Amino acid sequence: MAKLVTIFGGSGFVGRQVAQQMARDGWRVRVAVRRPDEALFTRAYGVVGQVVPVLCNIRDEASVRAALSGADAAVNCVNILHPQGKSNFTTVFETGAEIVARLSAEMGVARLVHLSGLGIDPDSKSRYIASKSRGEAAVLAARPDAIVLRPSVIFGPDDNFYNRLAPMTRRGPFMPVLAGHVKMQPVYVEDVAQAAAKAAKGEAEPGIYELGGPDVLTMRQISEQVQKSVGRKKVMLPVPQLFARMGATMLDIAQMLTGGLFTNNILSRDQLLLLTRDNVVGGGHPGFAELGIQPVSAEAVIDSYLWPFRPSGQYHTANQSAKNLRGQP
């Protein structure tokens, strides 16, 4: 019988890519999610019965134990950008990650892959970063043989990075740029998924891997990259950090005062801290090279999913070509 992998958060941005990769490699895939009825689309990733979504909340030991039953490998891709009810940074990144790691060890799951992030620091002022760091430490304490992946900012269809920058090109003659000097190393979601799949299949040594794309870019260069992709030319407008902090604070207060009826998906104070610090590979840990993966650049991919933000959408390139032809003698 084919081997079984349990992917926690297997219907999310990264998790569904891992699920597809593992299914293509012939594994049975158990997609562990809080709302399996909303993850039925994952069944199409393999043949009938190969990919199965199951109910699981990583804050609940019983459901994690059930999800891990009979698994040969487990991948924890659970991630949140904003606290939502009982699912906050502490319960998800620390408590949940520790439960998955501890139970996987107790139940004899051969391999555990944990998705973390670059630049983790337990003393960070960012609650997101600090919790991610403590969660990673808890995982390694329970599973010293775990494979920990630390990607830089991840891009790809449905990402929360380029897809949040592109709409800014539609509003007036300016494009606001926050922390234009800060460096990022965007990494393609399929490359991260391939790394996770290799690790789950036993094709990577235990340890920490830092994953960054082939290009190190400043936020200003990334904004220019977005403008080029969507075919718009805007004046770069640097946003003072003081103004950004005031705006993020007001949005956070609005969420608090409304009891969560308004969710701050625009810019929180915690996200502001993330956007104002470099997020690049440090070189102290192995990376894509050691995994035998050649990472793909953002420039080679973003045109395939940022086209809705072009002036003429999917017809923009054809319209531009027509204009050029009409301009010829």
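Since we're looking at a predicted model, the values are computed, not measured.

Thresholds applied
- Residues numbered from 1 in each chain as written.
- Predicted model: local features only at pLDDT ≥ 70, side-chain atom pairs only at ≥ 80, totals over all residues.
- Heavy atoms only, no water.
- Helix = DSSP H or I, 4+ residues; strand = E, 2+ residues; numbered from the N terminus.
- Rg over C-alpha atoms; globule rule 2.2 N^0.38 Å.
- Buried < 20%, exposed > 50% of the residue type's maximum accessible area, 1.4 Å probe, protein only.
- Contact = heavy atoms within 4.5 Å.
- Areas by Shrake-Rupley, 256 points an atom, 1.4 Å probe, with all protein chains shown as cover.
- Lys, Arg positive; Asp, Glu negative; His and termini not counted.
- Charge placed at Lys NZ, Arg CZ, Asp CG, Glu CD.
- Pairing = 2+ DSSP bridges.
- Axes fitted to C-alpha atoms, helices over the stretch in contact; angles between N-to-C directions.
- Right-handed = clockwise from strand over helix to strand, strands pointing away.

Student: Looking at this structure, how should I read the overall build of the protein chain?
Tutor: Tallying secondary structure elements over the protein chain gives twelve helices and 13 strands in all. Computed over its C-alpha atoms, the radius of gyration of the protein chain comes to 21 Å, within 12% of the 20 Å expected for a compact globule of 329 residues. Projected onto its principal axes, the C-alpha positions of the protein chain cover 70 × 50 × 40 Å. Taking all 329 residues of the protein chain together, 49% fall into the buried category. Within the protein chain, residue pairs in contact and separated by at least 24 positions form 76% of the contacts whose partners lie at least 6 positions apart. Counting every atom, the protein chain has about 15,700 Å² of accessible surface; 54% of that belongs to carbon and sulfur. Charge separation in the protein chain, taken as the distance between the mean sites of 36 positive and 28 negative side-chain charges, equals 7 Å.

Student: Which parts of the structure should I look at to understand the sheet that holds strand 6 (residues 147–151)?
Tutor: Sheets are built from strands that pair by backbone hydrogen bonding, the pairs being arranged parallel or antiparallel. The sheet built from seven strands is open, its strands ordered 3-2-1-4-5-6-11 with parallel pairing. Whereas interior strands pair on both sides, the edge strands pair on one side only; in this sheet they are strand 3 (51–55) and strand 11 (207–211). Along the sheet, successive strands turn relative to each other by an average axial angle of 20°, direction set aside. Sheet analysis places strand 5 (residues 111–115) next to strand 6, joined by three bridges and oriented parallel. Each bridged residue has a counterpart across the sheet, and for Val113 the counterpart in strand 6 is Ile147. Helix 2 (residues 61–68) rests against strand 1 (4–8), strand 2 (28–33), strand 3 and strand 4 (73–76) of the sheet, and its axis sits at about 150° to strand 1.

Student: Teacher, can you tell me more about the pairing of strand 6 here?
Tutor: Regular strands place side chains that alternate from one sheet face to the opposite one. Judged by how many residues are buried, strand 6 sits mostly within the fold: five of five residues are covered. Residues Ile147, Leu149 and Pro151 line one face of strand 6 and the alternating positions Val148 and Arg150 line the opposite face, and both faces are buried. Taken together, strand 5, helix 4 (residues 127–142) and strand 6 constitute a β-α-β crossover, and its handedness is right-handed. Note: strand 6 against strand 11, five bridges, orientation parallel. Within strand 11, the residue paired with Val148 across the bridge is Ile208.

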